[in-house]
Amino acid sequence: MISAKQSLYFFLYLTLNFCLLAQDVPWDMKKLFSKPQWSETDLAAAKGMKSIIYQSIPYKQKPVDVFAYYSAPNGPIPEGGWPAVVCVHGGGGTAFPTWVQKWNDAGYAAISMDLEGHIPLNRPDKKGRQSTPNPGPSRVGVFHDFDKELKEQWYYHAMAQIMIGHSLIRSFPEVNPEQTGLTGISWGGNLTSSVMGVDTRFKFAIPGYGCGFLPSSSGHQGRAINDGKHSDVVNQYYDGSAYFKNVNYPTLWVNGTNDFHFDMPAFQASANAVKGQLRFELEMGHGHGPVWNLPECYAFADSVIKNKPGLITFEKPQADANQASVKFAAPAKIASVELLYTLDPNKTWPEKKWFATPAKIIKNELQAELPPGTQAFLFTAKDSRGLMSSSRYLEHQVAGLAQVNESTELNFADLYSAAISPAPSKRIFLADNFENGISSAIEKSFKIDDPKGVAGIQEWYDQKASGGKSLKVKNSASVQHAFMPSLNQWFRGPATIKNGSIILNCALLIPSSNGNALSIHARDYTTTPQTQLLSLAITSSTITCAKQTLNIRPDQWLHLELTIPVNQSKKAILLKVRQKDHDPQKIEIKSNPINTLSWLGLMLGGKKTGELFLDNIVISHLEEDSQ
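Below is a summary of the structure that appears in this document.

Analysis parameters
Residues numbered from 1 in each chain as written. Predicted model: local features only at pLDDT ≥ 70, side-chain atom pairs only at ≥ 80, totals over all residues. Heavy atoms only, no water. Helix = DSSP H or I, 4+ residues; strand = E, 2+ residues; numbered from the N terminus. Rg over C-alpha atoms; globule rule 2.2 N^0.38 Å. Buried < 20%, exposed > 50% of the residue type's maximum accessible area, 1.4 Å probe, protein only. Contact = heavy atoms within 4.5 Å. Core = buried A, V, L, I, M, F, W, Y, C linked by side-chain atoms within 4.5 Å. Phe/Tyr/Trp six-rings, centres within 6.5 Å; stacked < 30°, edge-to-face > 60°. Lys NZ or Arg CZ within 6 Å of the ring centre and 35° of its normal. Salt bridge = Lys/Arg side-chain N within 4 Å of Asp/Glu carboxyl O.

**Looking at the overall build of the protein chain**
Now for step 1: When its secondary structure is counted, the protein chain shows 12 helices and 36 strands.
Now for step 2: Here the C-alpha atoms of the protein chain give a radius of gyration of 28 Å, agreeing with the 25 Å that 2.2 N^0.38 yields for 627 residues.
Now for step 3: Over its C-alpha atoms, taken along the principal directions, the protein chain stretches across nearly 90 × 60 × 50 Å.
Now for step 4: By the burial criterion, 55% of the 627 residues in the protein chain qualify as buried.
Now for step 5: Restricting the contact set of the protein chain to residue pairs at least 6 apart, pairs at least 24 apart contribute 69%.

Right under this line is the structure:
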């Protein structure tokens, strides 16, 4: 129950909010901060959830019904009520009972609503979701309804529906209205960054991907709205930057280094504007699950609401020449630390290729040497609880890489650095030196089907071309296919290679004892049947392609550089091979011109027990005009 003193405080609190915001926002805040009409419904029933329809502001002078799932944790209600969270879905999303349940499991009541007038059930014709009895507007592109009257625009209504949903969950007797948080993913992250400065009743907020400062960003959303009146409407009414000055509570910002929609500069600027914490993850996938499955979200909420230990925090990174550092404070023992860096000067941030390398801990400071050619960097740290957070990134240039040529002594680390170094019209699809274990990109690239679980990949310390580790790839007689395990790099749809050159760089060791032959293939899957473009076979002692054979020294690492030209009639496929204390060798293949390249694969042939080692693998595309 709320006491008279609490009621007075609540009245004064709302009055203060109305006074602060009345002149700054286009909504009737008194209505949004009032408990809405609502009722339970049998629509889209989900186990353990209440299905709710609540009323939002009118759309075209007609009532609007919003569907939501709500649930509180099981067990006795704590003194004052459960803390609660409002969950805001992204593009293509809806009300998610899974998300509500995750917050319930963490000890929070939660509500997840559909912001596009739908219920989470498909229409009979499978073309979209069913509508609520009285739906509001749906999203139109990237703010593409900006030229309509403000009160007919989707984002205007979405923000209102979130704030009304907040008022609803605050009204439930089992909820503590003074302990609520807001979280959203993708478009929901946009909305979270916008709402957090309008509805300041929240005590914390966690935006995933979406952010403010969109019109000036190089992500997809920024590029879609950076034209005149379009961006003017966004900046004035919707972008989080219009309201960040009102945010007076903790925030955690979660994103990856290469999110297509929301770039790092806009994301970091948003976090900076509200003095929030950051969690940049190397090449984090985009979706609802990658955010709501993060334990860091729940630990952060607990640190604010339940006064539990929070995440690792960082001061601003520092750099002097090729030395980088950052001071940190950790509530638990540090388990691992990394430096993330990019060598790419590309101004379109989602297209930059980022790499990870170990950092070191010196007392309360992380330190690392910046590789030649560094353009920007940040630090990440994971503690003994498995919780990771990151520093801000810092743009800082380090002198570029020395050129590697065939006359220099073989240095696998330098060859890897040269392969990942940026160049005009160069795109890197895959790069890993395995110093930080096996990346998710490598795991996704490998296809391994072995019922007995013998075949597989693992990081390996005893053999390496450079650094401290390599990748051991093990074959087995029990694999389902004669060419497994296989590393597959697909070039599908818009990524299909139609010009320039695909370049494979890697270090390879096939032991003479128990070694497994490796075959490298390139194919065009746009034809029927598919077209085999290249077949190259490597054993522990030979490399064979197009009836040409090179002899290699057994039990010794070698470096391969394979260049496959596409729509380059004057260029041949070229394989260069280098080994220590051995003259460079090459195979040149003047075959029919390649028009399209869809797939490049490295495959362990034969259903047998064998192994090989890979290190410093890079697959890149160098765009060139057709010749």
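**Notes on the nonpolar core**
Now for step 1: Judged by nonpolar contacts, the single largest core of 108 residues is most densely connected at W27, W103 and M159.
Now for step 2: Looking at which element gives the most residues to this core, the answer is helix 4 (residues 154–171), with 11 residues.
Now for step 3: If we skip the residues at most four places from it in the chain, W103 touches V85, C87, Y108, A110, T183, F204, I206, C297, Y298 and A301.
Now for step 4: Residues L471, L508, L534 and L560 belong to the second largest nonpolar core, which totals 45 residues.

**Here's the deal with helix 5 (residues 187–195)**
Now for step 1: Burial within helix 5 is extensive, with 9 of its 9 residues counted as buried.
Now for step 2: Residues of helix 5 that are buried: W187, G188, G189, N190, L191, T192, S193, S194 and V195.

**Here we look at the packing of aromatic side chains**
Now for step 1: Within the structure shown, the criterion is met by 31 aromatic pairs.
Now for step 2: Seen from their ring centres, W154 and W187 are 5.6 Å apart, and the 85 degrees between their planes marks the pair as edge-to-face. Taken as a pair, W154 in helix 4 and W187 in helix 5 lie far apart in primary sequence, 33 residues in all. One exposure class covers both W154 and W187, and it is buried.
Now for step 3: Ring-pair connections join several aromatic residues into one group, and the members of that group are F213, F244, W253, F267, F280, W349, W354 and Y393.
Now for step 4: In this structure, K352 packs its charged tip against the face of W349, placed 4.8 Å from the ring centre.
Now for step 5: In this structure, R492 packs its charged tip against the face of W490, placed 4.2 Å from the ring centre.

**Some words on the pattern of salt bridges**
Now for step 1: A complete count under the given rule lists 13 salt bridges for this structure.
Now for step 2: Across the pair E365 and K327 runs a salt bridge whose closest N-O atoms are separated by 3.5 Å. Note that E365 is positioned in strand 18 (residues 365–369) and K327 in strand 14 (residues 323–329), a separation of 38 residues in sequence.
Now for step 3: Relative accessible area serves as the criterion here: at 17%, E365 is assigned to the buried category.
Now for step 4: One salt-bridge network, held together by shared partners, links R170, E178 and K203.

Interpretation in functional terms is not warranted from these geometric data alone.
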